[in-house]
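# Tertiary structure, described
Here is how the chains run, residue by residue.
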There are 2 protein chains.
Amino acid sequence: MDGQNRNIRVTSFDVAERAGVSQSTVSRALSGSSVITEATREKVLSAAQELGYFVDERAARLRRGHTGTLATVVVRKPGSTAKDVNPFAYTLLGGIIAAASERGLEVLVSMQGEVDKLFGHYVERGQAEGLIVIGTTANAPAWDFFRGIGETSQPVAYWGSPRGDLDWVSSDNIGGAHIAADHLIAQGCTKLVCIGAENSPQRQFDERSEAFCTHAQSLGHSTQLITIKDMQNRREQGRVAAKQLLDSGAEFDGIFVVCDAIAFGAMETLQEAGRSIPDDVSVVGFDGLPAGELSNPPLTSLEPDMDLAGRLLVEAVTEVHDSPSVRRVPVSLVKRVSA
Amino acid sequence: MDGQNRNIRVTSFDVAERAGVSQSTVSRALSGSSVITEATREKVLSAAQELGYFVDERAARLRRGHTGTLATVVVRKPGSTAKDVNPFAYTLLGGIIAAASERGLEVLVSMQGEVDKLFGHYVERGQAEGLIVIGTTANAPAWDFFRGIGETSQPVAYWGSPRGDLDWVSSDNIGGAHIAADHLIAQGCTKLVCIGAENSPQRQFDERSEAFCTHAQSLGHSTQLITIKDMQNRREQGRVAAKQLLDSGAEFDGIFVVCDAIAFGAMETLQEAGRSIPDDVSVVGFDGLPAGELSNPPLTSLEPDMDLAGRLLVEAVTEVHDSPSVRRVPVSLVKRVSA
DNA sequence: CTGAAAGCGCTTACAG
DNA sequence: CTGAAAGCGCTTACAG
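The model shown is predicted, which means the values in this text are computed figures rather than measured ones. (Residues numbered from 1 in each chain as written. Chains lettered and ligands numbered in written order. Predicted model: local features only at pLDDT ≥ 70, side-chain atom pairs only at ≥ 80, totals over all residues. Heavy atoms only, no water.)

## Description of the overall build of chain A
Where we set the bar: The helix and strand labels rest on DSSP assignments: H or I over at least four residues marks a helix, E over at least two residues marks a strand, and numbering proceeds from the N terminus. Any two residues whose heavy atoms approach within 4.5 Å are treated as being in contact. Method for areas: the Shrake-Rupley scheme with a 1.4 Å probe, in which residue coverage is limited to the protein chains shown. For the purpose of charge, His is not counted, nor are the chain termini; Lys and Arg are scored as positive and Asp and Glu as negative. Positions of charges follow a simple convention, taking NZ of Lys, CZ of Arg, CG of Asp or CD of Glu.
Check the secondary structure of chain A and you find 11 helices and 12 strands. Expressed as lengths along the three principal axes of its C-alpha atoms, the size of chain A is roughly 85 × 40 × 35 Å. In chain A, the proportion of contacts linking residues at least 24 apart, taken out of those at least 6 apart, comes to 73%. Of the roughly 14400 Å² that chain A leaves accessible, carbon and sulfur atoms contribute 49%. The distance from the centre of the 32 positive side-chain charges to the centre of the 43 negative ones in chain A is 5 Å.

So, in structure tokens, the structure goes:
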């Protein structure tokens, strides 16, 4: 049967011939034009089905002048592989894809890390209506490149750029930090610690840290900030920070760690030093990684609504704005065992 | 500057005019045709750059007759959200994207679950050269749909279909199961158990189970199979299976669990019952999930090479074959604490 | 409501 | 080596 033959593309002309109408009519019938008679639409529909016809989107989009797709690039570290990319980024990607699909948009995904191979001109090439950039903050050159893209080619939306200057959408860091402080205090903790950052290239971490300390202090509690060291591995950052805290000799009974991956490392070191969690010290993380269910003990964390995050990102890139509007994704406490 | 204006698309004619050549020459120069003089190529290149010109891929691909892209659909359960999808699927997706990019292909990703909204005719619509289907086996209707797509529209490659009849590429289940048995035996285990499946809709699990038992027995060791019950949550399946094993009163000192997520649940129940891992019983999983680093204790597992998996999938869909050739992705032991 | 024609922005024979 | 022209498969004014 012709329609089944993969080598011969069936066109709208073939359908027109079979249905006994003009090619324009085929196009209108298939695109759902309201001007077409129901009878002729049915003729066309069944002819199309019999021939196994589908409209060629390259042609349709060229003619229409839009693409019906969104590009999203996941920035990764140079030389990294699929399993190195952060689960958070994957989940966010999933949220973006779901949200795009809700709006009838497709999504073109790339993972970029090598600095000499960065590409972002999807809009100019007629491949997408806009670009969403997410991924690791640990590749500054890549983010610089995409900052440049955003300046000449709109629309672009970002999540989690290193300096935070690009984030059109991000977690509600302040709200989350407040919840963390409130929760720790409600558990009876009085000597609070934040494992986080200050004046760091990681604006998100800065925000969480500052909001936590300010809020806890305003509630009359002492607070100490341990800043994470600059190193590749988040787990290791957590171990080092916990060791520093332990070595300082300071007393503490409640810790807010600005991200789950760091919290995992911190908990290890704390427990190795004989501190029991949550008996001696309560720990709250941030990001709500599913892996937190598995940690020892399971990690209480602040979880952003990832589906909403995807939706806001898609919206940011899909609706026209004069200036970037920062949107905050609400975060909720996932109570597990650590606090 | 005109080239910066986002509302007016700059075309190859504009570049031609600026460079003082014909539009055909622009096209040739930009597509790297070897027939073009170096001098005129440079003229064209700089004109293009000055105008901020990029070729419109819709037009180029329409004319060329190919798309330069691959579609991949991640099947998910109906009603599930971004964070519900298996980390394994995300990592595999990452491997596919990386491999496609290596070959100069882009990838269009969708996540599909709702049975009334399945779509797979990317090739017919001129959107892709081929389709890769991955994701959860827990959505049989979706897999049936994509099986149908594969029958009328080539090329399609699959990973992890429920019945296993569709898998062009999958883990080396047999090799992995052998490694698991050998490792457990090397740890001194003699009373072996497999938490797995037999004649199940999950062919991958069947393969692993059978290969494990056969191999262990051939080495002179007793072996017992606990089959997992049909339920939504893998962790829970593990808990139930471990409980059944415990209740059976049988002695055991080494367990191979056919997937990590099930192993996590099994370990919980085992430990709650007072069995120490790995002292009383060693446990080996399958999949090599990064979350296994966090479990209590960290899970020893068989990890497939996910980048190679992506590469094989891309290759399967990219090269022409007469019949589906099953490819096995090598698996290696990640030794952690549980065994 | 339907058809004939133009045109979206490219690539690629075909001449020269 | 370069240019003029055709054509990829659609959508959409423009007539009727």
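Still to come is the rest of the account.
## Remarks on the protein's contact with DNA strand D
Applied cut-off: Any residue with a heavy atom lying within 4 Å of a molecule or strand is counted as near it. Between N or O atoms, a polar contact is any pair within 3.5 Å; within protein, one atom must be a potential hydrogen donor and the other a potential acceptor, and residues adjacent in sequence are included only when both atoms are from side chains. Under this grouping Gly is polar, as are all residues other than the nonpolar Ala, Val, Leu, Ile, Met, Phe, Trp, Tyr, Cys and Pro and the charged Asp, Glu, Lys and Arg.
Around DNA strand D, a shell composed of 25 residues is seen, among which A:Ser27, A:Arg63, B:Thr25, B:Arg28 and B:Thr40 lie nearest. Counting only the atoms of DNA strand D within 4 Å of the protein, the fraction contributed by sugar and phosphate is 58%. In this structure, a base oxygen belonging to DNA strand D sits 3.3 Å away from a side-chain N or O atom of A:Gln23. Between DNA strand D and B:Val35, the relevant distance is 3.2 Å, taken from a sugar or linking oxygen to a main-chain nitrogen or oxygen of the residue. Within the residue set of the surface near DNA strand D, elements represented by two or more residues are helix 2 (23–30) and helix 4 (57–64) of chain A together with helix 2 (23–30) and helix 4 (57–64) of chain B. Split by residue class, the surface near DNA strand D holds eight nonpolar, 10 polar and seven charged.

## With respect to the pairing of strand 1 (residues 69–75) of chain A
Residues and elements named next belong to chain A. Definition in use: Exposure categories follow from relative accessible area, calculated using a 1.4 Å probe and restricted to protein chains: below 20% of the type maximum is buried, above 50% is exposed, and the middle band is partly exposed. Pairing between strands is defined by DSSP: at least two bridges between them are needed. The crossover handedness rule: strands pointing away from the viewer, path from first strand over the helix to second strand clockwise, crossover right-handed.
A large share of strand 1 lies buried, amounting to seven of its seven residues. Burial along strand 1 is two-sided: Thr69, Ala71, Val73 and Val75 and Leu70, Thr72 and Val74, pointing in opposite directions, are all buried. Two elements, strand 1 and strand 2 (residues 106–112), share seven bridges in a ladder whose sense is parallel. Paired with Thr72 across the bridge in strand 2 is Val109. Chirality of the crossover, the property in question, places the unit of strand 1, helix 5 (residues 87–102) and strand 2 among those that are right-handed. Where strand 1 meets strand 3 (residues 130–135), six bridges bridge the pair, whose relative direction is parallel. If you follow Val75 over to strand 3, its bridge partner there is Gly135.

## With respect to unusual backbone geometry
Of note, the bond from A:Asn296 into A:Pro297 is cis; its omega dihedral lies within 30 degrees of zero at -5°. By the secondary structure assignment, A:Pro297 is in the loop between strand 9 (282–286) and strand 10 (300–304). The backbone of A:Asn199 shows a phi angle near 50°, a positive value even though the residue is not glycine. On the basis of relative accessible area, A:Asn199 is assigned to the exposed category, the value being 75%. The backbone of B:Asp287 sits at a positive phi, close to 130°, despite the residue not being glycine.

## Remarks on the packing of helix 1 (residues 12–19) of chain A against helix 3 (residues 38–51) of chain A
All names here are of chain A. This is how it is decided: The convention used is that axes are lines fitted to C-alpha atoms, helices contributing only their stretch in contact, and that angles between N-to-C directions extend from 0 to 180 degrees. Here the word oblique covers every angle except those under 35 degrees (roughly parallel), over 145 (roughly antiparallel) and from 65 to 115 (roughly perpendicular). Take the far helix as the reference: if the near one is turned anticlockwise from it by less than a right angle, the crossing is left-handed, and if turned clockwise, right-handed.
Helix 3 packs onto helix 1 with a crossing angle of 120° between their chain directions and a minimal axis gap of 9 Å. As summarised for this structure, helix 1 and helix 3 are arranged oblique, according to the angle between their axes. As for how helix 1 packs across helix 3, the hand of that crossing is right-handed. Across the interface between the two elements, Asp14, Val15, Arg18 and Ala19 from helix 1 touch Lys43, Val44, Ala47, Ala48, Glu50 and Leu51 from helix 3. For the contact of helix 1 with helix 3, a count of residues per class yields six nonpolar, no polar and four charged.

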